[in-house]
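Close look at the chain arrangement
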Amino acid sequence: MDFTLSKQHEMARQLFKDFAENEVKPLAQEVDEEERFPRETVEKMAKYGFMGIPVPKEYGGQGCDILTYAMCVEELSKVCGTTGVIVSAHTSLCIDPILTYGTDEQKQKYLPDLASGRKIGAFGLTEPGAGTDAQGQQTKAVLEGDEWVLNGSKCFITNGKEADVYIVIAVTGKVEKRGRIQKEISAFIVEKGTPGFTFGTKEKKMGIRGSSTYELIFTDCRIPKDNLLGAKGKGFAIAMHTLDGGRIGIAAQALGLAEGALETTIAYVQERKQFGRSIGQFQNTQFQLADMATKVEAAKMLVYKAARKKDEYRTNPKISYSVEAAMAKLYAAEVAMEVTTKAVQLHGGYGYIREYDVERMMRDAKITEIYEGTSEVQRMVISSNLLK
Amino acid sequence: MKIIVCIKQVPDTKGGVKFNPDGTLDRGAMLAIMNPDDKAGLEAALRLKDQYGAEVTVLTMGLPKAADVLREAIAMGADKGILVTDRVLGGADTWATSTTIAGAIRNLEYDLIITGRQAIDGDTAQVGPQIAEHLQIPVISYAQDIKIDGGKVIVQRQYDDRYHVLEAQMPCLITALSELNDPRYMTPGGIFDACAAEITTWGRADLKDVDDSNLGLKGSPTKIAKASDKVRKGAGEKVVPESPEDAVAYIVGKFKEKHIV
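Thresholds applied
- Residues numbered from 1 in each chain as written.
- Chains lettered and ligands numbered in written order.
- Predicted model: local features only at pLDDT ≥ 70, side-chain atom pairs only at ≥ 80, totals over all residues.
- Helix = DSSP H or I, 4+ residues; strand = E, 2+ residues; numbered from the N terminus.
- Expected span 1.5 Å × (residues − 1).
- Buried ≥ 20, exposed ≤ 12 C-beta atoms within 10 Å, placed from the backbone.
- Core = buried A, V, L, I, M, F, W, Y, C linked by C-beta atoms within 7 Å.
- Contact = placed C-beta atoms within 7 Å.
- Axes fitted to C-alpha atoms, helices over the stretch in contact; angles between N-to-C directions.
- Parallel < 35°, antiparallel > 145°, perpendicular 65-115°, else oblique.
- Left-handed = near helix turned anticlockwise from the far one by under 90°.
- Nonpolar A, V, L, I, M, F, W, Y, C, P; charged D, E, K, R; others polar.
- Pairing = 2+ DSSP bridges.
- Right-handed = clockwise from strand over helix to strand, strands pointing away.

Observations regarding helix 8 (residues 322-347) of chain A
All names here are of chain A. If you check helix 8, its first and last C-alpha atoms are 37 Å apart, about what 26 residues at 1.5 Å a residue would give, namely 38 Å. Of all 26 residues making up helix 8, 21 are buried, and the element is well covered by its neighbours. Of the residues trailing helix 8, G348 is marked for its positive phi of about 60°.

Here it is, written out as structure tokens:
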């Protein structure tokens, strides 16, 4: 087993680190404070290919692997959780299902714009009554001639109003499965600007406040018949598989937040003096840092392992990375919450002040335990694999 | 258009310089980076490539690990990398270095050679102009802006309080300042390509029209007596004399004071 990063991964990390420090960090506080989508950063990321890292070059992507993509989200999230999730939702939740399930025409039509960052992607599964219970979907799609007609709404959608291309999950009928009548669920590609597709109010959030979180509303929204993604009735499987990949992105975001908080705290405890010496000289501080660093390292191993497993899947689709992704997200998210909370504690009163980065990091970390499957859902995924 | 950019891997002096007990640089204790002036030169070449179309070859002389800066340059957009490395070339001063690089360049076709003004580890600013001298081509140093006009380059050469606009027929050599531009980042895909790219490696035998007596430590007339961290220059003295005569009198007075005249 080799834990050494390859040359290209080391170089990619340095690139993401330099970019994050120079272009992302200076805006992080402002983006959070003003709840502003960092459009200028997205444009810069687009210029350097960050919006299409794991997309093959034939579709205008960078032709890199999932590990490189995860490292990008990690390094961005070290300094700004908002920027990390913009890339993650765009790549994992919109590009990936098109790449995996799209027809050649759909790939040719959507991927070059998405991979180059000319367009931003989003994913709509969650509804007011259907979060963890994805079967509770109410949004319907009915085929009328050459068009699907969508009605319903999606909530808490990341990249909400800023995106151009949306993967939308909707009910297309009923099917009998093991003697029970269940909803037939399908996936669709919906473009911004389609008549009948509007936005609800912007959500005011605890963290990742620069990320654009909106309700999507469909009122007799007509999309071409060809915008069905994958086979009719496969929407639930597409959504679940998409979330498996999404969890690697969120795990990387959580890892980055934890690392960012740890690095900030290591610097702080060496500067901050109490009782005539730096607080880093107290054993309590040292032991806290040791625990934080150990957990961060363990989280990193799980995140990178999950990314690697998905890379294996890309050459051999029989391989599943679902459990690895769930473990990585479960652990990294809980470590992010724990490490950022300890970071605030070690900063004392200053850690509670918005001027200090750890305050934002702690608020940003909480969502990683919730979105793209709560920690409880991750435990369900992991345990169901143990007890099958 | 064919552009050769000469780059150097140098220790990152941002966090201060570290020395071995014998006074030489402790390169192992410092991160190795692409020399900032050279990076600006590379960016200038890549912009010319974007604007006019060009093939950009990066060339470096150094230890085998100097291939890292060539890969970085390729990940930024350069087309080819050439590493000149050989034990007999070690310990070279600016004369032996420029002799070596000119010997390598004689194997290549080029319209334009761009080097950084100077490297942050030596700060001599000699290698670029010396290469031009060896190759018998014009040199314009301290470029802060570069334009191409047919077969000519038009360059703004930086001075303390002004710039000169100079024109030279290609092929020629330009030395670039880090203030010339903000170098672009690598791209992730560029990194993957760069790591898969073949780096051409040349040794002593590949150098054209050079004499062994001008290579390596033996061919280096410079002898370093002592090395120390750089001492910052003071702000200097600004004098505004009332007339040219007063200015001459002031300067001559200073010369006498320092026993120069």
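Some thoughts on the nonpolar core
Ranked by internal contacts, the top residues of the largest apolar core, which has 185 residues, are F188, A254, A258, V303 and A332 of chain A together with I174 of chain B. Residue contributions to this core peak at 16 residues, all from helix 6 (residues 235-271) of chain A. Apart from the residues within four sequence positions on either side, V303 of chain A is in contact with A70, I248, A251, A252, L255, A328 and A332 of chain A.

Notes on the packing of helix 1 (residues 7-33) of chain A against helix 3 (residues 66-79) of chain A
All names here are of chain A. In contact at an axis separation of 8 Å, helix 1 and helix 3 are set at 30° when each is read in the N-to-C sense. It follows that helix 1 is roughly parallel to helix 3 by the angle criterion. Here helix 1 and helix 3 pass one another in a crossing that is right-handed. Contacts between helix 1 and helix 3 involve H9, A12, R13, F16, K17, A20, E21, V24, K25 and A28 from the former and L67, T68, M71, C72, E75, L76, K78 and V79 from the latter. Here the residues of the contact of helix 1 with helix 3 are counted per class, giving ten nonpolar, two polar and six charged.

Details of the sheet that holds strand 9 (residues 163-169) of chain B
Strand pairing in a sheet relies on backbone hydrogen bonds. The paired strands run either parallel or antiparallel. Residue and element names in this part refer to chain B. Overall, mixed pairing links the nine strands, which are arranged 9-8-7-10-6-1-4-5-11 in an open sheet. Each edge of the sheet is formed by a strand with only one pairing partner; in this case those strands are strand 9 and strand 11 (200-202). Strand-to-strand, the axes of this sheet are offset by a mean angle of 30°, without reference to chain direction. Relative to strand 6 (residues 112-116), strand 1 (residues 2-6) is paired through four bridges, and the arrangement is parallel. Counterpart to I3 in the pairing with strand 6 is L112. Taken strand by strand, helix 1 (residues 36-52) contacts strand 1, strand 4 (55-61), strand 6, strand 7 (139-149) and strand 10 (172-176), and its axis lies near 150° from that of strand 6.

Some thoughts on the pairing of strand 5 (residues 80-84) of chain B
Residues and elements named next belong to chain B. Taken across its five residues, strand 5 has four buried, putting it largely inside the fold. As defined by bridge partners, strand 4 adjoins strand 5 across five bridges and the pair is classed as parallel. For T60, the partnering residue across the bridge sits in strand 5 and is L83. What joins strand 4 to strand 5 is helix 2 (residues 67-76), and the crossover it makes is right-handed. Here strand 5 runs beside strand 11; their pairing, made up of three bridges, is parallel. Note on strand 11: the bridge partner recorded for L83 is T201.

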